[in-house]
Amino acid sequence: MNETKEERNIKIYPIYKMLSWDLLFYYSINFIFLTQIKGFSASDVLLTEAFYPIFKVVLLMPLTALSYKLGKRKSLIIANMINVFSILSYIVAQNLTYVLIGQLLSAIAYNIKGIVETNLLYDSLPKNEKRGHLFSKVDGKGSSWYYYMNAITSIASGFLYIINGYLPFILCLICCVISTILSFKFEDISKTEEKKLTTKQYLKSLKHSFKYMIQSKRLKCLFVFGAVFSALLSLVSLRSGILEQLQVPEQYFGIIFAILEIISGISAKNQNKIHNRYRNKTLGVLSIPTAISCIILGFFMLGKLSFSVILTIILALFLIQYIAKGAFHTLIKRYLNNFTTSSLRNKITLTYNLVESLARALITLLASMILKITTASNTILVIGCITTIIIVLMIDYMKDKVGLKPEEYSKKEVEFIELH
């Protein structure tokens, strides 16, 4: 019996996500690679990272129009090809311009991937009441596999870096090539009326939907909260900077981040259980301890504790952050996609990516400026204080606007969903 296009997409998706959700062999050593081998300052590295979300914001609309015109499959193939060149730019980097080009190419690639990947999966799922649950199951499986794979590659990258600092980046490049090959195996599914629109008509429809999304209290809350919390979780370089500040040997970076990625994988795999247990309190349970852990981390680094004690405390705090990270990225997509049509999902994804990139740019730029005058631990302390205040206020504001049963939402919210 031949499998359908939908079945093939669902089958490929977890394997594809395992290898391409984010860069493998990269995050545990990119900071020390750019500072030690390429000779850039810590604040310069963080500054180049701040340009990544800025590039995403600037390019999001034209790339959305391009993705719409090309279709999800072709867009995904192109995105993965561009990702290959972004890694090459880091490998050959002779100055910060090369790194910025790499961030630009990466922004293009992950903008397109963010627009089409989860929507391609959602289009492939049966249209019934279990669709949200099935999405979480398939996407969560891919996420957990990625975290486990990232754990293995993190361990390897730490030791490979000692042998030759370029080896982890070469293996990262190979993974990007494999992701490109896998992307050819996907099939476009959606055949909605929106496909018949011209690009100009699509952009006009997008503008019209933005107007209504701004009126949806539920979506506005999820956009802002998700963006702020995601931006906090994205400050990976600061964690590497703290380990470097503690003078942890480079070969142990990989082992530390590998253990943390395994924890994220377990959390991602069990995100349905987390949601079922905490329901409308889930976002608060994940975010508040994470934000507070950044404050505690900064304070402990100011103390005079022994190396072993402070390292144990820091790893425990990192653990809290990675548990939240594993579950959050799948759950926020599930919450955003609830009660939506295929047409609306694309626009919600676009808007969320835009808001998330803005928040990430602001927080990363702020962190870069603070890092110029102080240490990584003091920087994460300040960022932790700011984000804790924002998150606590948002959780309180969201109580009667997010996580309700369908019949509990206002008439305006229901009309918005039905019209789009």
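Residues numbered from 1 in each chain as written. Predicted model: local features only at pLDDT ≥ 70, side-chain atom pairs only at ≥ 80, totals over all residues. Heavy atoms only, no water.

Asker: Can you help me understand the overall build of the protein in this one?
Answerer: The helix and strand inventory of the protein stands at 17 helices and zero strands. The 420 residues of the protein split such that 55% are buried. Looking at the protein alone, contacts between residues at least 24 apart form 86% of all its contacts between residues at least 6 apart. (Helix = DSSP H or I, 4+ residues; strand = E, 2+ residues; numbered from the N terminus. Buried < 20%, exposed > 50% of the residue type's maximum accessible area, 1.4 Å probe, protein only. Contact = heavy atoms within 4.5 Å.)

Asker: Help me understand the pattern of salt bridges, please; the structure alone is not making it clear to me.
Answerer: Any two side chains of opposite charge can pair, on the condition that their charged atoms come close. As enumerated under the stated definition, the model contains five salt bridges in all. Linking E187 and R8 is a salt bridge whose minimum nitrogen-to-oxygen distance equals 3.8 Å. Taken as a pair, E187 in the loop between helix 7 (167-183) and helix 8 (199-215) and R8 in helix 1 (residues 5-20) lie far apart in primary sequence, 179 residues in all. (Salt bridge = Lys/Arg side-chain N within 4 Å of Asp/Glu carboxyl O.)

Asker: Mind showing me how you'd approach the nonpolar core here?
Answerer: General note: in soluble globular proteins, nonpolar side chains tend to be found buried as a group. By size, the foremost hydrophobic cluster in this structure holds 115 residues, and its most contacted members are I87, F225, F229 and F328. Top contributing element to this core by residue count: helix 14 (residues 307-337), with 13 residues. (Core = buried A, V, L, I, M, F, W, Y, C linked by side-chain atoms within 4.5 Å.)

Asker: Just to check I follow, could you spell out empty space enclosed by the protein for this structure?
Answerer: Rolling a probe over the atoms, with the probe sized like a water molecule, indicates the empty space that remains. According to the stated counting rule, one finds four cavities of 30 Å³ or more in the structure shown. A volume near 1100 Å³ is recorded for the largest cavity. Forming the boundary of the largest cavity are 48 residues, of which W21, D22, Y52, E356 and R360 lie nearest the centre. Every element with two or more residues in the lining of the largest cavity is listed here: helix 3 (42-70), helix 5 (96-124), helix 6 (131-163), helix 9 (217-233), helix 10 (236-245), helix 11 (251-269), helix 14 and helix 15 (342-371). The element best represented in the lining of the largest cavity is helix 15, accounting for eight residues. In terms of residue class, the lining of the largest cavity is made up of 20 nonpolar, 18 polar and ten charged. (1 Å grid on protein atoms, 1.4 Å probe; cavity = no way out; pocket = protein on both sides within 12 Å on 5 of 7 lines; lining within 4 Å. Points joined across faces, edges and corners; volume = space filled by probe spheres on them. Nonpolar A, V, L, I, M, F, W, Y, C, P; charged D, E, K, R; others polar.)

Asker: Teacher, can you tell me more about the packing of aromatic side chains here?
Answerer: Any pair of aromatic rings gets described here by the distance separating the centres and the angle formed by the planes. Applying the stated rule across the entire model yields 13 aromatic pairs. Their ring planes at 45 degrees and their centres at 4.9 Å tell us that Y122 and F135 sit as a pair that is tilted. Taken as a pair, Y122 in helix 5 and F135 in helix 6 lie far apart in primary sequence, 13 residues in all. With centroids separated by 4.9 Å and ring planes inclined at 80 degrees, the aromatic side chains of F229 and F328 adopt a geometry described as edge-to-face. Taken together, the positions of F229 in helix 9 and F328 in helix 14 put the pair 99 residues apart, joining distant regions of the chain. There is no split in this pair, since F229 and F328 are both buried. Taken together, the aromatic side chains of Y26, F33, Y90, Y166 and F169 make up a single cluster linked through ring pairs. The side chain of K17 reaches across the aromatic face of W21, ending 4.3 Å from its centre. (Phe/Tyr/Trp six-rings, centres within 6.5 Å; stacked < 30°, edge-to-face > 60°. Lys NZ or Arg CZ within 6 Å of the ring centre and 35° of its normal.)

Asker: Looking at this model, I keep getting lost on the environment of L238. Mind explaining?
Answerer: You can see L238 is positioned in helix 10. The class of L238 is buried, set by a relative accessible area of 2%. A C-alpha to C-alpha distance of 9.9 Å links L238 and T364, two positions 126 residues apart in sequence. When sequence neighbours within four positions are dropped, the list of residues in contact with L238 reads L46, A367, A376, T379 and I380.

Asker: Please clarify how helix 7 should be interpreted in this entry.
Answerer: Between its terminal C-alpha atoms helix 7 stretches 25 Å, which fits the 24 Å expected from 17 residues at 1.5 Å a residue. All buried positions along helix 7 are accounted for by P168, F169, C172, L173, C175, C176, S179, T180, L182 and S183. Where helix 7 is buried, its residues touch helix 1, helix 2 (30-37), helix 4 (72-91) and helix 6. (Expected span 1.5 Å × (residues − 1).)

Asker: Looking at this structure, I do not really get a positive patch on the surface. What am I missing?
Answerer: Together, K137, K141, K269 and K273 give the surface a local cluster of positive charge. Within the element layout of this structure, K273 appears in helix 12 (residues 271-278). (Patch = residues over 30% accessible without salt bridge, like charges linked within 9 Å, V, L, I, M, F, W, Y side chains within 5 Å. Areas by Shrake-Rupley, 256 points an atom, 1.4 Å probe, with all protein chains shown as cover. Lys, Arg positive; Asp, Glu negative; His and termini not counted. Charge placed at Lys NZ, Arg CZ, Asp CG, Glu CD.)

Asker: Looking at this structure, how should I read the side chain of S230?
Answerer: Mapped onto the elements of the fold, S230 is located in helix 9. Polar contacts involving the side chain of S230 include one to the side chain of E356, which spans 2.4 Å. Among residues more than four places away in sequence, those in contact with S230 are F328, H329, Y352 and E356. (Polar contact = N/O pair within 3.5 Å; in protein donor to acceptor, adjacent residues only side chain to side chain.)

Asker: Which parts of the structure should I look at to understand the packing of helix 9 against helix 16 (residues 376-398)?
Answerer: In contact at an axis separation of 10 Å, helix 9 and helix 16 are set at 155 degrees when each is read in the N-to-C sense. When the interaxial angle is binned, helix 9 and helix 16 end up roughly antiparallel. As for how helix 9 packs across helix 16, the hand of that crossing is left-handed. In contact with C221, V224, F225, V228, F229 and L232 of helix 9, helix 16 contributes I383, T387, I390, I391, M394, I395, Y397 and M398. When the residues that make up the contact of helix 9 with helix 16 are grouped by side-chain class, the tally is 13 nonpolar, one polar and no charged. (Axes fitted to C-alpha atoms, helices over the stretch in contact; angles between N-to-C directions. Parallel < 35°, antiparallel > 145°, perpendicular 65-115°, else oblique. Left-handed = near helix turned anticlockwise from the far one by under 90°.)

Asker: Could you clarify how one ought to interpret the packing of helix 1 against helix 7 in this entry?
Answerer: When two helices pack together, their arrangement is captured by the angle between the axes and the distance separating the axes. At a minimum axis distance of 9 Å, the contact between helix 1 and helix 7 shows a crossing angle of 155 degrees. Classified by the interaxial angle, the pair formed by helix 1 and helix 7 is roughly antiparallel. Crossing geometry of helix 1 relative to helix 7 is assigned as left-handed. Here I12, I15, Y16, L19 and S20 of helix 1 come into contact with helix 7, specifically with C175, I178, S179, L182 and S183. Along the lines of polarity and charge, the residues of the contact of helix 1 with helix 7 split into seven nonpolar, three polar and no charged.

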